[in-house]
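Understanding the architecture of this molecule
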Amino acid sequence: MTFAIAGNQNCGKTTLFNQITGSNQKVGNFPGVTIEQKTGELTDHKGISVVDLPGIYSLSPYTSEEIISRDYLLKQKPDCIINIVDATNIERNLYLTMQLIELQIPMILALNMMDEVQANNGSIDIKQLREALGIPVVPISAVKNQGLAELLEQGIEIARMRRNPQRIDFCSGAVHRAIHAVCHLIEDHAQKQDFPLRFAATKLVEGDEPVKVKLLLDENEIDMIEHAVNEMETELGTDREAALADMRYQFIEEVCRKCVVKPKESREYRRSVSLDNILTHRIWAFPAFLGIMLTVFWLTFGVIGNRLSGLMEIALDNLSALADSALAAYGINPVIHSLITDGIIVGVGAVLMFVPLIVVLFFFLSLLEDTGYMARIAYVMDKPLRKIGLSGRSFVPMLMGFGCTVPAIMSARTLASERDKKMTILLTPFMSCGAKIPIYAMFTAAFFPDNQSLVMVTIYVTGIILGIFSGFIMKKTIFRGAPVPFVMELPNYRFPSIKSVLILMWEKAKDFIQRAFTVIFIATVIIWFLQSFDLRLNYTADGTESILASIGRLISVIFVPLGFSDWRISTALITGFSAKEAVISTLAVLTGAGISELGGALHSMFSPLSAFCFLIFTLLYTPCVAAVATVRRELGSIKGTIFIILYQTIIAWFAAFCIYRVGLLLVSC
């Protein structure tokens with residue numbers, strides 16, 4: 001048996017999914033968190049799987065979320081749909097409910113956030129609402145785990161009995177006549193294609209092309225449908241889509257008038273309005289955003305994270321010393337001794353040292369996301385993004401890019417137009433991902449210890465500015481045209497969920513540690529081998545005679561104009577293509593410095609100016625292999641993927657070159 005959870009964005013679908021399946025899927029207080037369907041199994045009812053569909057507002061095939069959800073419901077035909085509805089905003093949410101009912105699949109309505117409705121003196125007549133819609137209705141609070149047992153019991157019952165919605169006809173007048181005329185025309189086609197008749201008729205009245213193709217209608221039948229629709233439009237004096245929308249909303253208004261006592265203005269709403277007077281103000285929004293991010297970086301890299309990283313560094317140094325003495329006492333082969341201590345422990349340890357920084361940074365970012373502030377940033381960024389041909393909606397994937405480029409690129413699927421999607425995918429790598437944090441942390445601590453937070457903010461802002469600049473160029477060249485209109489619900493500010501924050505922290509730490517012991521481990525061993533053997537495969541203690549040195553010298557010519565004359569730097573940048581964390585582990589292996597000594601060893605290769613240019617280059621150059629593979633999959637184009645690799649690297653080279661040359665001029669003056 002299979003249940004599908006469907007509903008509007010940000011109404012609690014993923015929270016419900018996690019509660020009933022025991023999963024830990026990401027939830028967030030902004031729309032569009034779920035970008036593809038997730039599957040789990042009910043914890044208390046074995047054998048029943050649950051699919052969490054992306055949030056949608058209708059079953060029209062306009063956005064990728066609507067297409068994913070609609071295709072699943074029409075093709076897979078789950079045993080029951082759990083339609084989760086935000087009870088605090090029931091009028092808008094029921095619009096999707098009316099379309100889901102037309103699919104004639106057993107369905108139950110979950111009225112979520114009923115605790116908030118009752119807390120603000122509102123109420124909903126469950127019995128009357130059930131009779132009006134013809135489906136079971138259960139009040140729940142997904143966050144507090146209230147009403148979920150009853151919801152599942154009723155859902156299982158109607159699924160076993162195959163009890164379809166008892167009412168599918170909500171229309172009257174001209175719309176009623178048009179829909180029923182179309183029903184008679186296409187009944188045999190719908191049966192042949194195993195397609196819900198009422199849903200198909202409604203969609204044909206709306207002008208839904210995929211449904212028209214699916215039903216294999218001939219020209220005569222299409223003409224008769226268009227004639228019925230034209231009569232409806234003439235009688236109502238409006239277009240086909242507006243006529244159906246008006247019909248649905250008239251019914252919803254009538255139902256809500258009878259069944260719903262609207263809650264008073266909530267404390268959360270009043271608080272949100274007060275905060276938005278500052279945080280979305282046309283003048284103060286940007287300074288507030290920069291101030292908040294500066295505070296986050298100061299706490300992460302200056303107060304909390306640095307101290308925790310210091311403790312991790314001490315622990316790793318002790319482990320390295322213990323392993324060194326244990327291997328020496330055992331009398332192991334010197335080459336294997338070097339591999340373990342100078343290769344694996346130094347390389348992997350140089351990355352693990354930054355796990356506390358990753359955890360602390362994502363703790364603060366998770367707080368901002370859960371409170372609802374991230375949705376405000378998308379709203380605030382709409383105006384500047386429109387100047388480069390994008391809407392504020394594109395800022396959500398870009399914002400996710402600060403965590404990891406891979407899911408950020410995948411989330412561009414939520415954008416309505418193909419133009420916006422492709423352009424956003426090309427710009428998202430400019431947002432600095434979490435994997436680069438070890439590079440920034442090491443270099444800022446070594447070269448800018450008194451201004452670490454300021455340098456970090458400068459790096460992140462540089463990525464955003466160059467992303468905007470690139471977008472402006474693309475708008476004038478390969479992506480001409482206007483962005484789609486920006487519509488986004490701003491949720492109330494809420495106190496963060498401790499569980500959600502802890503899950504995100506654990507996921508980021510786990511991902512980082514897994515990469516350290518897989519990709520970084522392999523890269524470290526390869527780097528150690530190339531560093532320890534010469535071209536005749538003789539073991540050498542002199543790194544300048546190694547295979548890696550020979551390769552590095554060939555490549556280093558490209559980076560000399562940027563101030564990176566040492567071959568070890570260019571080698572580290574190449575290994576960074578596998579995973580950005582590998583840059584630090586490679587430098588640790590190549591310098592032969594211990595985990596705590598790497599910062600000092602960097603001074604032999606960089607000046608403060610060239611170190612800053614190196615940070616800018618690592619910020620901007622080609623994303624890692626996993627991100628490139630995701631771009632290839634999402635764009636479906638090898639040319640587009642190669643373009644991203646070359647474009648990012650060229651931009652990175654020129655940006656670092658300009659900064660280095662201007663810096664030299666200023667120093668000489």
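These figures come from a predicted structure and were not determined experimentally.

1. Details of the overall build of the chain
- Helix and strand content of the chain: 32 helices and eight strands.
- With respect to the three principal axes, the spread of C-alpha positions in the chain is 90 × 50 × 50 Å.
- Counting only contacts in the chain whose residues sit at least 6 apart along the sequence, the fraction spanning at least 24 positions is 73%.
- Accessible area for the chain stands at about 28600 Å²; split by element, carbon and sulfur atoms hold 61% of it.
- Between the averaged position of the 58 positive side-chain charges in the chain and that of its 61 negative side-chain charges there is a distance of 4 Å.

2. So, the sheet that holds strand β5 (residues 107-112)
- Taken in spatial order, the six strands line up as β2-β3-β1-β4-β5-β7 in an open sheet, and their pairing is mixed. Since the sheet does not close on itself, it has two edges, and those belong to β2 (38-41) and β7 (137-139), each with one partner. Averaged over all pairs of adjacent strands, the angle between their axes in this sheet comes to 25°, without regard to strand direction.
- Where strand β1 (residues 2-7) meets strand β4 (residues 80-86), five bridges bridge the pair, whose relative direction is parallel. In the sheet register, A6 faces β4, and the bridge partner there is N83.
- Here helix α6 (residues 148-161) sits on the sheet and contacts β1, β4, β5 and β7; the angle it forms with β5, its principal contact strand, is near 165°.

3. With respect to the nonpolar core
- Formed by 102 residues in total, the largest nonpolar core has its most connected members in F443, F564, L602, F606, F614 and F617.
- Broken down by element, this core gets its largest block of residues, 10 residues, from helix α16 (residues 355-371).

4. A closer look at empty space enclosed by the protein
- The tally for this structure, following the rule as stated, stands at three cavities of 30 Å³ or more.
- The computed volume of the largest cavity comes to approximately 180 Å³.
- The wall of the largest cavity is formed by 15 residues, among which G403, C404, G434, A435 and D511 lie closest to the centre.
- At the level of elements, α16 and α24 (498-516) are the ones that each hand at least two residues to the lining of the largest cavity.
- Of all the elements, α24 adds the most residues to the lining of the largest cavity, at four residues.
- Here the residues of the lining of the largest cavity sort into seven nonpolar, three polar and five charged.

5. Some remarks on the environment of G576
- For G576, the location among the structural elements is in the loop between α27 (567-575) and α28 (582-591).
- Measuring from C-alpha to C-alpha, the distance between G576 and D125 comes to 60 Å, with 451 residues separating the pair along the chain.
- Beyond its immediate chain neighbours, meaning those up to four positions away, G576 contacts V583 and Y621.

6. Re the pattern of salt bridges
- The final tally for this structure, using the stated rule, is 19 salt bridges.
- One salt bridge connects R257 with E254, and the closest N-O pair in it is separated by 2.5 Å. Of the two residues, R257 and E254 are both situated in helix α11 (residues 240-259); the distance of three residues between them amounts to about one turn of the helix.
- Residue R419 pairs with D420 through a salt bridge whose shortest N-O separation is 2.8 Å.
- Overall, the relative accessible area of 16% leaves R419 in the buried class.
- According to the relative accessible area criterion, D420 is buried, its value standing at 1%.
- Taken together, the shared-partner salt bridges in this structure form one network comprising E102, D169 and R198.

Here is what the cut-offs are and how they apply
- Residues numbered from 1 in each chain as written.
- Predicted model: local features only at pLDDT ≥ 70, side-chain atom pairs only at ≥ 80, totals over all residues.
- Heavy atoms only, no water.
- Helix = DSSP H or I, 4+ residues; strand = E, 2+ residues; numbered from the N terminus.
- Contact = heavy atoms within 4.5 Å.
- Areas by Shrake-Rupley, 256 points an atom, 1.4 Å probe, with all protein chains shown as cover.
- Lys, Arg positive; Asp, Glu negative; His and termini not counted.
- Charge placed at Lys NZ, Arg CZ, Asp CG, Glu CD.
- Pairing = 2+ DSSP bridges.
- Axes fitted to C-alpha atoms, helices over the stretch in contact; angles between N-to-C directions.
- Core = buried A, V, L, I, M, F, W, Y, C linked by side-chain atoms within 4.5 Å.
- Buried < 20%, exposed > 50% of the residue type's maximum accessible area, 1.4 Å probe, protein only.
- 1 Å grid on protein atoms, 1.4 Å probe; cavity = no way out; pocket = protein on both sides within 12 Å on 5 of 7 lines; lining within 4 Å.
- Points joined across faces, edges and corners; volume = space filled by probe spheres on them.
- Nonpolar A, V, L, I, M, F, W, Y, C, P; charged D, E, K, R; others polar.
- Salt bridge = Lys/Arg side-chain N within 4 Å of Asp/Glu carboxyl O.

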